[in-house]
Amino acid sequence: MSDAPVKEADAPLTPEQVQYKYSVLKQEYDSMAQKIAEMEGEKHEHELVHTALEPLEEDRKCFRLIGGVLVERSAKEVKPALKGNIEQIEKVIATLTNNANAKQKEIQDFIEKHRIAGSQAQKVDAPKVEEKKESKTTGVLA
């Protein structure tokens, strides 16, 4: 008989442990989906401001909130920073979406491995990425 320690992954889980592990995985996935939705909202707000600044002259005064401080800038200075922020947000959304898809696969594998059925194992849907919506709002100060 070998004295090798039993790996935790190889040991069978009790029904309570399976339920707890499933709920933890589901909570992690839900928090990722919530963060994706939050970042989509941020991106949408940035795009609204960028759209509002686009037709303005380069030397037009505008104000930007940086770390809780309202700073006066020109449209020429703000436009590239805003575009860079949008690109960074898109990268974060892509990373979060990839992580959420991996977590979704992990949950599905866990469901299949432990034969979770019925209402306990609700189908996990991929987070929905909002489509661009054309909006005609004029609530931006510039």
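Bear in mind that the values here come from a model prediction, so they are computed numbers and not experimental data.

Parameters and conventions
Residues numbered from 1 in each chain as written. Predicted model: local features only at pLDDT ≥ 70, side-chain atom pairs only at ≥ 80, totals over all residues. Heavy atoms only, no water. Axes fitted to C-alpha atoms, helices over the stretch in contact; angles between N-to-C directions. Helix = DSSP H or I, 4+ residues; strand = E, 2+ residues; numbered from the N terminus. Parallel < 35°, antiparallel > 145°, perpendicular 65-115°, else oblique. Left-handed = near helix turned anticlockwise from the far one by under 90°. Core = buried A, V, L, I, M, F, W, Y, C linked by side-chain atoms within 4.5 Å. Buried < 20%, exposed > 50% of the residue type's maximum accessible area, 1.4 Å probe, protein only. Contact = heavy atoms within 4.5 Å. Salt bridge = Lys/Arg side-chain N within 4 Å of Asp/Glu carboxyl O.

### Things to note about the packing of helix α1 (residues 15-53) against helix α2 (residues 75-113)
Axis separation between α1 and α2 bottoms out at 9 Å; the angle between their running directions is 160°. Between α1 and α2, the interaxial angle falls into the category roughly antiparallel. For α1 against α2, the interelement crossing comes out left-handed.

### Notes on the environment of Gln19
Of note, Gln19 is situated in helix α1. Sequence separation between Gln19 and Ile116 is 97 residues; the distance between their C-alpha atoms is 8.8 Å.

### Considerations on the nonpolar core
By size, the foremost hydrophobic cluster in this structure holds 15 residues, and its most contacted members are Tyr22, Met39, Ala100, Ile107, Phe110, Ile111 and Ile116. Residue assignment for this core shows that the elements contributing at least two residues are α1 and α2. Other than its neighbours up to four places away in sequence, Met39 contacts Ile89, Val92, Ile93 and Leu96. Judged by nonpolar contacts, the second largest core, of 5 residues, contains Leu53, Leu56, Cys62 and Val78.

### Digging into the pattern of salt bridges
Any two side chains of opposite charge can pair, on the condition that their charged atoms come close. All chains considered together, the criterion is met by 9 salt bridges. For Lys35, the salt bridge is made with Glu38, and the minimal N-O distance between the two is 3.3 Å. Of this pair, Lys35 and Glu38 are both found in helix α1, 3 residues apart, which corresponds to roughly one turn of the helix. When its relative accessible area of 44% is taken as the criterion, Glu38 is described as partly exposed. Taking the shortest distance from any N to any O, the salt bridge between Lys105 and Asp109 comes out at 3.2 Å. Residue Lys105 and its partner Asp109 are both found in helix α2; the two are separated by 4 residues, about one turn of the helix. Salt bridges here are not isolated pairs; linked through shared partners, they connect Glu28, Lys103 and Glu106.

Just geometry here; none of it tells us what the structure is for.
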